[in-house]
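So the chains spell out like this:
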Amino acid sequence: MKTIYTNEIKRAFNTLGMKLALLIGCGLSIWHVVSVIIPQSSLISYELFSEVIDPLFVPTGLFNNWMGNELYPIQSYIFYLILPLLAVLPFGSSFFEDRKSGYIINVCTRVDKKIYYKAKYLAVFLSGGVAVAAPLLLNLIMSSMFLPALLPDNGSNGTISPVTMLYELFFTHPLIYILMFIAIDFLFAGVIATLSLSYTYFTEHKFGVLIVPFVFYFFIYSLANLINKTEYSLFFMLNGGATNNYLLVYILYFLLFFALSYIIFMWKGKMQDVKA
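As a starting point, this report considers the structure included with it.

**What about the environment of Val36?**
Position of Val36 among the secondary structure elements: in helix α2 (residues 16-49). Separated by 37 residues in sequence, Val36 and Pro73 place their C-alpha atoms 7.6 Å apart. Setting aside residues no more than four positions away along its own chain, Val36 makes contact with Pro73 and Gln75.

Rendered as structure tokens:
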């Protein structure tokens, strides 16, 4: 039993898709550091070491400017826009490929089919989460090399406001707040990637399997925009600087994705023969 879990996870983290997702995500992360963080660092240095210091100057720090705290830099915008694609690239199409190649038949002659499906789900979930969380962690670490870890100031906190979930934590323990949002992004990237598993039963095209998480993600954004509730789209809510972040909304979104992925995936797998 442990062997199949280990094997699927190893497969997930050694794919070309994982390398490509990390290349794109980390590329955006480094681009953000070069074009946003380093100039901010230079500005702080200039102000602090200039002969005439502006008494109103408030140096901006790491927690206000890292990539996961705002959507205004183009790098952050692109990252959160293509988040579903980054999540699904590593292993999202593997179930489709296993069915087409007959690999699933070979595996299920040695282990219980239910165990294989659970291992597949876990591997897709973990690989999707890592593909999104790793670039964010890289950006946080690299940004900390150039910007001071100052406690956020009320006058320069960006979009963090009293309507933001646990906003007090951002001002008292900002690192914990940031790590919390990276964990949230990990969980949602994982569950979004697993949508590809359940959709595999309804398509004969690999491209459809890879694109459906992004389509569903963008559908939620469009629907929220249509009813003038854009702040409730995952595109905004997965960013640490978003407003109106209510815990209940996160839970409902996660349960929705879980139902559309795990429940359908396991139910269809139980109903269908492995040769299907």
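That covers the picture; the talk isn't over yet.
**Digging into helix α1 (residues 2-12)**
Three or more residues of α1 are buried, namely Ile4, Tyr5, Glu8 and Ala12. Taken down its axis, α1 places every buried residue within 100 degrees of arc, on the same side. Away from its buried face by more than 90 degrees, α1 exposes Lys2, Thr3 and Lys10.

**Notes on unusual backbone geometry**
The phi dihedral of Leu166 is positive, around 55 degrees, even though this residue is not glycine. Checked against the element boundaries, Leu166 lands in the loop between α8 (113-144) and α9 (167-172). Relative accessible area serves as the criterion here: at 42%, Leu166 is assigned to the partly exposed category. Backbone geometry at Asn228 places phi at a positive 65 degrees, although glycine is not the residue there. Examined against the element boundaries, Asn228 turns out to sit in the loop between α12 (206-226) and α13 (234-237). The exposure class of Asn228 is exposed, given its relative accessible area of 63%.

**Let's talk about the packing of aromatic side chains**
For the structure on display, the rule yields 25 aromatic pairs. With 5.3 Å between their ring centres and 80 degrees between their planes, Phe79 and Tyr80 make a pair best called edge-to-face. Looking at Phe79, the relative accessible area reads 0%, which means it is buried. With a centroid separation of 5.8 Å and 35 degrees between ring planes, the pair formed by Phe218 and Tyr221 is classed as tilted. In this pair, Phe218 and Tyr221 both sit in helix α12, 3 residues apart, roughly one turn of the helix.

**What to know about the environment of Thr194**
Relative to the assigned elements, Thr194 resides in the loop between α10 (174-193) and α11 (195-199). For the pair Thr194 and Ser93, spaced 101 residues apart in sequence, the C-alpha separation works out to 9.6 Å. Aside from chain neighbours lying at most four places away, what touches Thr194 is Tyr121, Val124, Phe125 and Ser261.

**With respect to a nonpolar patch on the surface**
Taken together, the side chains of Ile30, Val34, Ile38, Met145 and Phe146 make up a nonpolar region of the molecular surface, amounting to roughly 440 Å² of accessible area. Tracing the backbone through its elements, the reader meets Met145 in the loop between α8 and α9.

**Quick word on the pattern of salt bridges**
Any two side chains of opposite charge can pair if their charged atoms end up close together. All told, the structure shown has 6 salt bridges when counted by the stated rule. In this structure, Glu97 and Lys206 form a salt bridge, with 2.6 Å as the shortest nitrogen-oxygen distance. With Glu97 in helix α6 (residues 94-101) and Lys206 in helix α12, this residue pair connects regions lying 109 residues apart in the sequence. The exposure class of Glu97 is partly exposed, given its relative accessible area of 32%. One network of salt bridges, with partners in common, ties together Glu8, Arg11, Asp98 and Lys120.

**A few points about the packing of α8 against α10**
Where α8 contacts α10, the axes come no closer than 7 Å and their chain directions differ by 145 degrees. By crossing handedness, the relation of α8 to α10 is classed as right-handed. Contacts between α8 and α10 involve Tyr121, Val124, Phe125, Leu126, Gly128, Gly129, Val130, Val132, Ala133, Leu136, Leu137 and Leu140 from the former and Leu175, Ile178, Leu179, Ile182, Asp185, Phe186, Leu187, Ala189, Gly190, Val191 and Ala193 from the latter. The residue inventory of the contact of α8 with α10, partitioned by class, reads 19 nonpolar, 3 polar and 1 charged.

Calculation notes
Residues numbered from 1 in each chain as written. Predicted model: local features only at pLDDT ≥ 70, side-chain atom pairs only at ≥ 80, totals over all residues. Heavy atoms only, no water. Helix = DSSP H or I, 4+ residues; strand = E, 2+ residues; numbered from the N terminus. Contact = heavy atoms within 4.5 Å. Buried < 20%, exposed > 50% of the residue type's maximum accessible area, 1.4 Å probe, protein only. Arc of directions from axis to C-beta. Phe/Tyr/Trp six-rings, centres within 6.5 Å; stacked < 30°, edge-to-face > 60°. Patch = residues over 30% accessible without salt bridge, like charges linked within 9 Å, V, L, I, M, F, W, Y side chains within 5 Å. Areas by Shrake-Rupley, 256 points an atom, 1.4 Å probe, with all protein chains shown as cover. Salt bridge = Lys/Arg side-chain N within 4 Å of Asp/Glu carboxyl O. Axes fitted to C-alpha atoms, helices over the stretch in contact; angles between N-to-C directions. Left-handed = near helix turned anticlockwise from the far one by under 90°. Nonpolar A, V, L, I, M, F, W, Y, C, P; charged D, E, K, R; others polar.

Keep in mind these values describe shape, not function.
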